[in-house]
Number of protein chains: 2
Amino acid sequence: MENRRADTIARALEEMILSGEFAEGARLDEIRLAERFGVSRTPVREAFQRLALTGLIEQIPRRGVFIRQPGAVELMEMFEVMAELEALSGRLAAVRISDGALAQLAEANGNCRRAVEAGDANAYYDENERFHHIIYAEAGSAFLKGEVERLHRRLKPYRRLQLRLRGRLAQSMAEHEEIVAALSAGDAARAAKVLRAHVAIQGEKFHHLLASLKPAAE
Amino acid sequence: MENRRADTIARALEEMILSGEFAEGARLDEIRLAERFGVSRTPVREAFQRLALTGLIEQIPRRGVFIRQPGAVELMEMFEVMAELEALSGRLAAVRISDGALAQLAEANGNCRRAVEAGDANAYYDENERFHHIIYAEAGSAFLKGEVERLHRRLKPYRRLQLRLRGRLAQSMAEHEEIVAALSAGDAARAAKVLRAHVAIQGEKFHHLLASLKPAAE
DNA sequence: GTCAAGAATCTTGTATGCAAGGTGAACCCG
DNA sequence: CGGGTTCACCTTGCATACAAGATTCTTGAC
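Let me sum up the structure you'll find in this document. As a convention, each chain's residues are numbered from 1 in the sequence order in which they are written. For naming, the first written chain is A and the first written ligand is 1, with later ones following in the order written. Totals for whole chains, interfaces and linings use all residues, but because this is a predicted model, local features are given only for residues with pLDDT of at least 70 and pairs of side-chain atoms are given and counted only at 80 or more. Heavy atoms throughout the structure, all of them, feed into the side-chain values; hydrogens and water do not.

Comments concerning the packing of helix H5 (residues 99-118) of chain B against helix H8 (residues 168-184) of chain B
Residue and element names in this part refer to chain B. To obtain each axis, a line is fitted to C-alpha atoms, and for helices this fit is confined to the stretch in contact; angles are then taken between N-to-C directions over 0 to 180 degrees. Helix and strand definitions here come from DSSP, where helices need a minimum of 4 consecutive H or I residues and strands a minimum of 2 consecutive E residues; each element is numbered from the N-terminal end. Contact geometry of H5 with H8 gives a least axis separation of 10 Å together with a crossing angle of 165 degrees. One finds that H5 runs roughly antiparallel with respect to H8. Pair H5 / H8 crosses with left-handed handedness. Contacts between H5 and H8 involve Leu102, Leu105, Asn109, Cys112, Arg113 and Val116 from the former and Leu169, Ala170, Met173, His176, Glu177, Val180, Leu183 and Ser184 from the latter. We call Asp, Glu, Lys and Arg charged. Ala, Val, Leu, Ile, Met, Phe, Trp, Tyr, Cys and Pro are nonpolar, and the rest, Gly among them, are polar. Among the residues making up the contact of H5 with H8, the classes are represented as 9 nonpolar, 3 polar and 2 charged. Each angle receives one of four descriptions, namely roughly parallel if under 35 degrees, roughly antiparallel if over 145, roughly perpendicular if within 65 to 115, and oblique otherwise. If you view the pair so one helix is near and one far, a crossing is left-handed when the near helix is turned anticlockwise from the far one by less than a right angle, and right-handed when it is turned clockwise. Residue contacts are defined here by distance: any two heavy atoms, one from each residue, within 4.5 Å place the two residues in contact.

In structure tokens:
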């Protein structure tokens, strides 16, 4: 579906940006990146086009492309939209999920619990990823899956960050239990409600985190 | 924010595709399009990149780009997601909308009513556009606005089509009245519910339309 | 006559060259 | 000495040339 090198570069760049390799507002030098990847400017420029569409970078004509980290307000907005899409996923998955997927969900959740007990935020994070992706898939809507996964990727680093908040792991775990219960019961409304809250609270937590870090921000 | 010519071409191509200028599955010839627009292949290829991201075309490596019209199932899925985003817009707008915007909404709705009485589907369509865009804007979330407008554009031709269904205009009009009432009352839950139904029913109507047109489809 | 293999051609993907626009610095004038 | 203007350099945007892969047509063999 994708160009060979341009695709590779786009993914690599996305990874680099999301992992915080570049400072906010920094300019991305086409030539330097091309040299770094061992290609010409063309595939780098194509990668820029894609990342600009997803909002990771901003292209200013005749000026260049710049790293664009969303501010606290925009992040809240993104989590807000994410919450709705997750809620929809849950509502659909509640009536469509297979027994096998339910078992996988329980397994991922078990791994999550063990990670919480071990205080291993990274392990929790990984299994949490798996947990949510199962729900996306079981919603049975290819389009929704694409949209929600796109936003999921975009919010990845921020979700990870807020997991560090004290007590958030345990709370998140409890929410997961509720989600599994609702899905197992086939209770669409409850699954939607719980998932919406589960995601929305992440946005709020993150907002708190930001506010405590830089009081004069935004 | 955009490249000069590549942006122009992307918009022109989007318009051409959405207006049904190309057949389903047709290949888009870079060279021919470049000649048609009077530019080289480069900006055309950049435009392709963008359209591929929005799902309008599909790029197959070393094969070319092809028109990709969503099938009935995918359209339903898209309307389903759209319904959630509209519902969120309504829920937020209900508590944030200004008096001025409410007046504009009432005005657009009045124009809609006159269009219905005149049986003018096109006029209704235009004012309907305005009506929804006001709600998107009044939700007060730049990110949500971007997402919902993107989907709105994508679904444009299909929404237009289903308006031709007998009785749909009057029904849609009644739904608009309810939406205005909910927003005026500041009733977030009701606004969300009505808007969700208003959009979801469009997907269903469209499905019926397709089913009646080609019984052996999908 | 049909099927398969190979070559020619066409198309995409990448590299590089060139032009236009913008930024920054230096120089001139007040 | 400060501010404004101009010039030079740098970066992006576009065009074109080149390479690699895919398709199709032709040719040959069975």
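A few points about the sheet that holds strand S2 (residues 57-60) of chain B
Residues and elements named next belong to chain B. Should DSSP find at least two bridges between two strands, the strands are taken to pair. Judged by pairing direction, the sheet is antiparallel, and its 3 strands sit side by side in the order S1-S3-S2 without closing on themselves. On the outer flanks of this sheet lie strand S1 (27-28) and S2, each paired with one strand and no other. With 4 bridges joining them, S2 and strand S3 (residues 64-67) adopt antiparallel strand pairing. Across the sheet, the residue bridging to Glu58 is Phe66, located in S3. Sheet contacts for helix H3 (residues 41-54): S1, S2 and S3; angle to S2, the most-contacted strand, approximately 115 degrees.

Quick word on the packing of aromatic side chains
All names here are of chain A. We call Phe, Tyr and Trp rings a pair once their centres come within 6.5 Å, taking the six-membered ring for Trp, and we label the pair stacked below 30 degrees between planes, edge-to-face above 60, and tilted otherwise. For the coordinates displayed, the defined rule picks out 2 aromatic pairs over all chains. Each ring, one from Tyr158 and one from Phe206, has its centre 5.4 Å from the other, and the planes form 80 degrees; the classification is edge-to-face. In this pair, Tyr158 sits in helix H7 (residues 142-162) while Phe206 sits in helix H9 (residues 188-213), placing the two residues 48 residues apart along the sequence. With respect to burial, Tyr158 and Phe206 carry one shared label: buried. Two limits define a charge over a ring: the Lys NZ or Arg CZ must be within 6 Å of the ring centre, and within 35 degrees of the ring normal. Directly above the ring of Tyr125 sits Arg160, whose terminal nitrogen or CZ lies 4.1 Å from the centroid. For each residue, the accessible area found with a 1.4 Å probe, counting protein chains only, is set against the maximum for its type, and the residue is called buried under 20%, exposed over 50%, and partly exposed in between.

Some details on the pattern of salt bridges
We count a salt bridge whenever a side-chain nitrogen from Lys or Arg sits within 4 Å of a carboxyl oxygen from Asp or Glu. One pass over the structure, following the stated rule, counts 40 salt bridges over all chains. A salt bridge links Arg41 of chain B to Glu30 of chain B, with the shortest nitrogen-to-oxygen separation between them at 2.8 Å. Of the two residues, Arg41 of chain B sits in helix H3 while Glu30 of chain B sits in helix H2 (residues 30-37), which places them 11 residues apart along the sequence. Judged by relative accessible area, Glu30 of chain B falls into the buried class, the value being 17%. Overlapping salt bridges, with partners in common, bring together Glu30, Arg41 and Arg45 of chain A together with Glu46 of chain B in one network.

Looking at the environment of Glu35 of chain B
Structurally, Glu35 of chain B is set in helix H2. Classification of Glu35 of chain B as exposed rests on a relative accessible area of 62%.

Quick look at the relation of the copies chain A and chain B
A least-squares fit on C-alpha atoms brings the copies together, and the residues used are those whose pLDDT is at least 70 in both copies. Each copy superposes on the other: chain A lies on chain B with an RMSD of 0.1 Å after a rotation of 180 degrees and an axial shift of 0.1 Å. In the structure described here, the two chain copies are related by an operation that fits a two-fold rotation axis. Both copies contact each other with a shared surface, as 100% of the interface residues of chain A are interface residues in chain B too.

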